[in-house]
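A closer look at the structure
Chain residues, written in single-letter form:
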Amino acid sequence: MNRFLSKDFLSGLMFIGFGLLALYFGQKLALGTPVRMGPGYVPRMLSLVLVGLGVLICIVAMVSGSDPVEKPKWKPITLVTIGIVCFALLFERAGLIPALIVLILIASLANEEFKLVEVIGNMVALSVLCTLVFKVGLGMNISILRGVW
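Figured I'd write up the structure that's included with this text. Computed from a prediction, not measured in an experiment: that's the story for all the values here. (Residues numbered from 1 in each chain as written. Predicted model: local features only at pLDDT ≥ 70, side-chain atom pairs only at ≥ 80, totals over all residues. Heavy atoms only, no water.)

1. Quick look at the nonpolar core
Here is a general trend for soluble globular proteins: nonpolar side chains tend to be buried in one another's company. Counting residues in hydrophobic clusters, the biggest one holds five residues: Leu96, Leu100, Cys130, Ile142 and Ile144. Residue contacts for Leu96: discarding those within four places in its chain leaves Phe87, Phe91, Cys130, Thr131, Ile142, Ser143 and Ile144. (Core = buried A, V, L, I, M, F, W, Y, C linked by side-chain atoms within 4.5 Å. Buried < 20%, exposed > 50% of the residue type's maximum accessible area, 1.4 Å probe, protein only. Contact = heavy atoms within 4.5 Å.)

See the structure below:
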């Protein structure tokens, strides 16, 4: 029974599940041929590769065994999820930089070694990087700071 609750076996099952889910949602896309690929060709092939890798990982986990699964750590899972939801809610209302600052602050609280100086450094670095990549580099029409830029 422990082999079925190992990290590798469960991750293989997750690969299989995602692959089957992608196959299901992409079933109506035209497949085409390898020479003239349709819109469903690459997603279908990637889904099949994902399912194949999942089966292979499950078989290897059954034969060799691996580390047992740990209990989930709910504090990081909850805080990162809350941070993402807050980012999504703030992005259009306040702009990219305030949404990033809130996301980084809330997600950083999930770490047991919270250091304010490092968090502020992350906020500055990621705000500058995201502004350069999305607004300047890609020219996306997003608000950096609502009402200002």
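Text resumes after the structure shown.
2. Quick look at empty space enclosed by the protein
Enumeration over the complete set of coordinates arrives at one cavity of 30 Å³ or more. Volume-wise, the largest cavity comes out at about 30 Å³. What lines the largest cavity is Ala22, Leu23, Gly26, Leu29, Gly40, Pro43 and Arg44. Those elements that provide at least two residues to the lining of the largest cavity are α1 (7-25) and α2 (41-64). Split into classes, the residues belonging to the lining of the largest cavity amount to four nonpolar, two polar and one charged. (1 Å grid on protein atoms, 1.4 Å probe; cavity = no way out; pocket = protein on both sides within 12 Å on 5 of 7 lines; lining within 4 Å. Points joined across faces, edges and corners; volume = space filled by probe spheres on them. Helix = DSSP H or I, 4+ residues; strand = E, 2+ residues; numbered from the N terminus. Nonpolar A, V, L, I, M, F, W, Y, C, P; charged D, E, K, R; others polar.)

3. Here we look at the environment of Met37
If you trace the backbone, Met37 turns up in the loop between α1 and α2. Looking at Met37, the relative accessible area reads 49%, which means it is partly exposed. The spatial distance from the C-alpha of Met37 to the C-alpha of Ser66 is 39 Å, given a sequence separation of 29 residues. If we ignore the near neighbours within four places in the chain, the residues touching Met37 are Leu31 and Val42.

4. What about α1?
If you check α1, its first and last C-alpha atoms are 27 Å apart, about what 19 residues at 1.5 Å a residue would give, namely 27 Å. Residues of α1 that are buried in the fold lie against α2. (Expected span 1.5 Å × (residues − 1).)

5. Topic: the packing of α1 against α2
In a packed pair of helices, the relevant descriptors are the angle between the two axes and the axis-to-axis distance. Running from N to C, α1 and α2 cross one another at 160°; their axes reach a closest spacing of 7 Å. If you check the angle between α1 and α2, you find them roughly antiparallel. Crossing of α1 over α2 shows left-handed handedness. Contacts between α1 and α2 involve Asp8, Phe9, Ser11, Gly12, Leu13, Phe15, Ile16, Phe18, Gly19, Leu20, Ala22 and Leu23 on the former and, on the latter, Arg44, Ser47, Leu48, Leu50, Val51, Leu53, Gly54, Val55, Ile57, Cys58, Ala61 and Met62. Classifying every residue of the contact of α1 with α2 by side-chain character gives 17 nonpolar, five polar and two charged. (Axes fitted to C-alpha atoms, helices over the stretch in contact; angles between N-to-C directions. Parallel < 35°, antiparallel > 145°, perpendicular 65-115°, else oblique. Left-handed = near helix turned anticlockwise from the far one by under 90°.)

The quantities given are spatial measurements derived from coordinates; they are silent on function.
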